[in-house]
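Geometric and topological summary
Here are the chains, one letter per residue:
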Amino acid sequence: MTNVFTDRLWSKVEPIWTAYLEHPFVKGLGDGTLDKEKFKHWLKQDYVYLIEYSRLFALGSAKAEDLETMTTFAGLLHGTLHMEMDLHRQYAAKFNITPEDLEKTYPAATTTAYTSYMLNVSQRGGIENVVASVLACAWSYNYIGKELAKIPGALEHEFYGDWVTTYSSEEFTALANDCIQLMNKMADDMPERDLAVLEDIVVKTSLYEYMFWDMAENKEEWPIKL
Ligand SMILES: Cc1ncc(CN)c(N)n1
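About the cut-offs
- Residues numbered from 1 in each chain as written.
- Predicted model: local features only at pLDDT ≥ 70, side-chain atom pairs only at ≥ 80, totals over all residues.
- Heavy atoms only, no water.
- Near = heavy atom within 4 Å.
- Polar contact = N/O pair within 3.5 Å; in protein donor to acceptor, adjacent residues only side chain to side chain.
- Areas by Shrake-Rupley, 256 points an atom, 1.4 Å probe, with all protein chains shown as cover.
- Helix = DSSP H or I, 4+ residues; strand = E, 2+ residues; numbered from the N terminus.
- Nonpolar A, V, L, I, M, F, W, Y, C, P; charged D, E, K, R; others polar.
- Axes fitted to C-alpha atoms, helices over the stretch in contact; angles between N-to-C directions.
- Parallel < 35°, antiparallel > 145°, perpendicular 65-115°, else oblique.
- Contact = heavy atoms within 4.5 Å.
- pLDDT = per-residue confidence, 0-100.

Within an unreviewed UniProt entry, the label attached to the protein reads Aminopyrimidine aminohydrolase, and the organism entered is Gracilibacillus halotolerans.

This is how it looks when you write it as structure tokens:
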């Protein structure tokens, strides 16, 4: 089989993605020992992250040059707003947090930096920048979900089992695969100079993903509280 662009991306980001699995927050999700307050911090920050992330799918749909791509982005938008964010709303209910309060979460420094970066490169560039921006997000959570699902008891854990089940599910895998396929479709016949730009976006967003885990682990907001 011939190599596709995402194979090249994978070999570039593999060390970062392997580090996710060693991260204390991710390890705690997998073995069920994660502190609930840390998870609550992730949950709230991730909800407002996903709102901005959804904007990227809407932008991708607007920038699409064919109906098939437009439809794929619309499906990704729907899957995020409903399937993925439903998981967050269900967890929030366990903490007695309403969807309205979740939505009012003040974005932390890392959340702001990560979403601003994605929106900036996506607005400045063409649709291929949008796809490169969203790729690490969908693909890495699916990767983590599938790896954690291999840990005995992780899928059945009374609290974190739903997290592992959702991100390793066929439904979420299909969303991640849609992003992977879109990336390969965009990269086809692209000159090396442009591919290098896309690779840099995927590396940076992969690093932001790591910072997001750190932010949740340390319950970070901003350096000075007002
Ligand atoms: C920060 C982050 N990255 C990725 C995902 C998976 N959509 C997420 N929910 N949050």
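Continuing now.
Taken together, Asp46, Tyr49, Leu50, Glu84, Cys137, Tyr141, Tyr167, Glu209 and Phe212 make up the full set of residues adjacent to the ligand. Here Glu84 contributes a side-chain N or O atom positioned 2.7 Å from a nitrogen atom of the ligand. Summarising the interface, the protein chains cover 100% of the accessible area of the ligand, which totals 290 Å² for the free molecule. Among the elements that make up the shell around the ligand, the one with the highest residue count is helix 3 (residues 36-63) (three residues). Here the residues of the shell around the ligand sort into six nonpolar, no polar and three charged.

To continue, consider the packing of helix 3 against helix 6 (residues 109-124). Across the interface, helix 3 lies against helix 6 with an axial gap of 10 Å and an inter-helix angle of 5°. Classified by the interaxial angle, the pair formed by helix 3 and helix 6 is roughly parallel. When helix 3 is examined against helix 6, the residues Gln45, Val48, Tyr49, Glu52, Tyr53, Arg55, Leu56, Leu59 and Lys63 are found in contact with a partner set consisting of Thr111, Tyr114, Thr115, Met118, Leu119, Ser122 and Gln123. Grouping the constituent residues of the contact of helix 3 with helix 6 by class yields eight nonpolar, five polar and three charged.

With that settled, consider the confidence of the model for the protein. Per-residue pLDDT for the protein averages 97, and the proportion of residues at 70 or more is 100%. What the predictor reports for the complex is a pTM of 0.97 with an ipTM of 0.99.

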